[in-house]
Amino acid sequence: MSKITRRDFLKIAGAASAAGVLGHAALARAAEGGKGSARVVVVGGGFGGATCTKYLRRLDPGIAVTLVEPNAKFITCPFSNLVLGGLRTMDSITHGFDALKKKHGVNVMHDTVTAIDAAGKKVTLKSGKTLSYDRLVVSPGIDFKFDTIEGYSEKAAEIMPHAWKAGPQTVLLQSKLKAMKDGGVVVIAAPANPFRCPPGPYERAGMIAHYLKEHKPKSKVLILDAKDAFSKQGLFLDGWKKVYGDMIEWVPGAKGGVVMAVDTKKMVVDTTLDKHKAAVVNLIPPQTAGKIALASGLADDKGWCPVDPRTFESKMQPGVHVIGDSSIAGALPKSAFAASSEAKMCAAAIVALFKGETPAESSLVNTCYSLIAPKYGISVAGVYKVTEKGITEVPGAGGVSPKDAPDSFRENEAKYTVGWYQSITADIWG
Amino acid sequence: MRFKNHTLTLLLGAALVGCATEPPPAPAKAAAPTAAVAPAPAAVTPPAPPPTPAAVRNMISTCYSCHGTDGRSAGSIPGLTGMNAKQAETMLKGFKSGELPATVMMRLAKGYTDAELEALANYIGTNLK
Ligand SMILES: Cc1cc2nc3c(=O)[nH]c(=O)nc-3n(C[C@H](O)[C@H](O)[C@H](O)COP(=O)(O)OP(=O)(O)OC[C@H]3O[C@@H](n4cnc5c(N)ncnc54)[C@H](O)[C@@H]3O)c2cc1C
C-alpha cells in the first residue's frame, strides 16, 4: 500500500547494488536520478490482465502500468449464458476501461501485441510501436484448436458458433436460437479437459432450456460430451430434471458423446456412435493458451504455459508472467474468478520483486456460480495455497453446494450469483 | 443486512455481550491465564503462526471478488464494512464451525486457520470502513 518515493528507490537500489543482488533497470534509472519508474506492460484487458493493472497501481502507484488490449470495451464470458437465456442484455455484460485510466492511472492502449522479445524486454504492437518493460504480464485468454474436429474451422464457426469468447459469437448463437422452429434439437458439443470454465457448457444448457421452455417448448437440448463426468454434475442433473423435465439430455463420451466430425451444410454432428441432425449447433472446440503465448515460446507442447506458482513468472521466459486461462495454475480451474485471484497474487509478487523483497505467502480463491434457472443457483468453491506441490486446494474446505437443499437455498445462491458478478466486475473495471 | 443482524444476535447474544459497540477487553484477558494454567489441549500440531501483514493483504484481496473492492459490495452479497474485528471474527469462526448458517461462507472459511481468520477479522475491523 505504501507509495514508493524516489528516495525509497535510491535506498533500495543502493542497498541492492552494494549487496550485488539486483541490478534492476528501474532501480538503476532511479538511482541515476532519471525520471523513469518501474514499468509493467500487461497484455490483455480481460479478467486476469485488467485486475493485474488495477492492483499493481493500488499496491504501488509509483509503478508505470501500460495495458494493451485491442477492444475498446470488454465483453465478459461470465453471464453471456444469461444473455442466451434472455436474462441479460449484451450491454449489461460490457465493460469499459475509463475507470482504469482515470481513477487508477493505467495507460490503456487499444492495440494488439504481435511479438514479445523477452531477452530485450520489449513488445511489438500491431501499430508498429514498441514498448519496453521491466516486467511483462500476459493474460490473453484462450484460442481454439479448430482442426481437431473434421469439417470444423474458424469459418464453420459462423454456422456452428462456439460462443466461447463473448461478443459477436454470443449474438450469433442467440440469433440462431431465436430463428429456430419449435421442436428442433440444440446440440451443445462440450470439449475434454482442460478448457475454459468447466461448468460453462452445462450452465449454458440450462439457460438455453430456459429460453426454449418459454418460447419453443417442444424443443430439446442435447449435450454431446467428450468427457464422462463434469463439474457439479450431480447438482446440474438434479436441477435440470426438476426445472426442465426431460428437455436436457447429456451423452457422456463413453456412450457416444465424442464429436468426430460436423457437416455444416446438412447441420449434422457425427459422434463415435451416432449422427445427430440439429437445428442449432454450439460447438465448443478444444483449446490452447492465447495465440500470443504460443507464438512467444511461453507454452509447453500441450499448449499451456508453465509458471512459478507463487509469482506466475514463466518457467520458459524470464521477466514474463502468465496468468489466467493461458497459465497452468495447478489445482485452480480456468475461470474468471481464478484469473482475477491469480492477477492479485501476481501484482503483489511483482511489487515485492521490484523492492528486492521475497513475495509474501499467496492465498487464492475460486468460486464458480452457475444458474440453472433465474431462481436456481449452484456453486463450487475452493481455497488454494502454494505448497511444494504447486497450487493446491486446502483440504477439508470448498466443494459444491449441498445436494438436497431447499428451494430457498438455491434462490439465495441465484441472488448471490448476480451479486458476485456485480462485485467482481466493479472490482476489476471499476 | 438481514444476515448480519441475524448472525450477530444468534452468535453474540449471550456469550459476547457488548460487541455491537466496542470489543470488551475483559473476556479475552480472563481467558488467557486460564488457558495458560490449564493443561495443554490435545493438539497434535502447534498452532500455525499468524500470517504476515503482506500475506493478510493477499488473503483479503481475494474476498473482494464477492464482497467488493475494500469490502464495498456492488451488489447483493453483504459488504465487509461497518463491523469491528470482534464481530468479523465471530462470524468467520461461526461460518467455519458451521454454527452460522450460510450458502458459501461455510465452505470458504474452512480453508483458513483460526489465526488466519483472526488476522482477516482484524484487517476488516481496522481497514475496511
Ligand atoms: C460461456 C462462459 C461462461 C463463463 N462463466 C464464468 C463464470 O460464471 N465464472 C467464472 O469465474 N468464469 C467464467 N468463465 C470463464 C472466464 O471467462 C475465463 O476464465 C476468463 O475470462 C479468463 O480470463 P483471462 O484474463 O485469462 O482471459 P480473458 O478474460 O478472455 O481476457 C483476454 C484478453 O486478452 C486480449 N488479448 C488476447 N491476445 C492479445 C494480444 N496479442 N494483445 C493484446 N491483447 C490480447 C483479448 O482481447 C481479451 O480481452 C466463463 C467462460 C465462458 C466461455
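Notes on the structure in this doc start here. Bear in mind the structure is a predicted one, so any value in this text is a computation, not a measurement. (Residues numbered from 1 in each chain as written. Chains lettered and ligands numbered in written order. Predicted model: local features only at pLDDT ≥ 70, side-chain atom pairs only at ≥ 80, totals over all residues. Heavy atoms only, no water.)

All right, on to the site of the ligand then. All names here are of chain A. In the region of the ligand, 34 residues are neighbours, and Gly 48, Glu 69, Ser 139, Arg 196 and Asp 325 sit closest. In the model, an oxygen atom of the ligand is placed 3.5 Å from a nitrogen or oxygen of the Asn 71 side chain. Out of a free accessible area of 1000 Å², the ligand has 92% covered by protein chains. Taken together, the elements giving at least two residues each to the shell around the ligand come down to α3 (47-59), α4 (80-84) and α10 (336-354). When residues in the shell around the ligand are grouped by element, the largest group, 3 residues, is from α10. Each residue belonging to the shell around the ligand can be placed in one class, and the counts come to 17 nonpolar, 11 polar and 6 charged. The residue makeup of the shell around the ligand includes at least three contributed by each of domain 1 (6-143 + 287-425) and domain 2 (146-283). (Near = heavy atom within 4 Å. Polar contact = N/O pair within 3.5 Å; in protein donor to acceptor, adjacent residues only side chain to side chain. Areas by Shrake-Rupley, 256 points an atom, 1.4 Å probe, with all protein chains shown as cover. Helix = DSSP H or I, 4+ residues; strand = E, 2+ residues; numbered from the N terminus. Nonpolar A, V, L, I, M, F, W, Y, C, P; charged D, E, K, R; others polar. Domains from an automatic or database assignment.)

This part covers the interface of chain A and chain B. Each partner contributes residues to the interface: chain A has 43 residues there, and chain B has 33 residues. Between chain A and chain B, roughly 2800 Å² of surface is buried when both sides are summed, and carbon and sulfur atoms account for 56% of that area. Where chain A packs against chain B, one counts 3 salt bridges. Arg 107 of chain B serves as the salt-bridge partner of Glu 413 of chain A, at 3.3 Å between the closest nitrogen and oxygen. Where chain A packs against chain B, one counts 14 residue pairs in polar contact (both at pLDDT 80 or more). Broken down by secondary-structure element, the contributors of at least two residues to the side of chain A that touches chain B are α3, α10, β22 (363-373), β23 (376-387), β25 (399-400) and α11 (407-429) of chain A. If you tally residues by element for the side of chain A that touches chain B, the top one is α11 of chain A, at 12 residues. (Contact = heavy atoms within 4.5 Å. Buried area = accessible area lost by both parts, 1.4 Å probe. Salt bridge = Lys/Arg side-chain N within 4 Å of Asp/Glu carboxyl O.)

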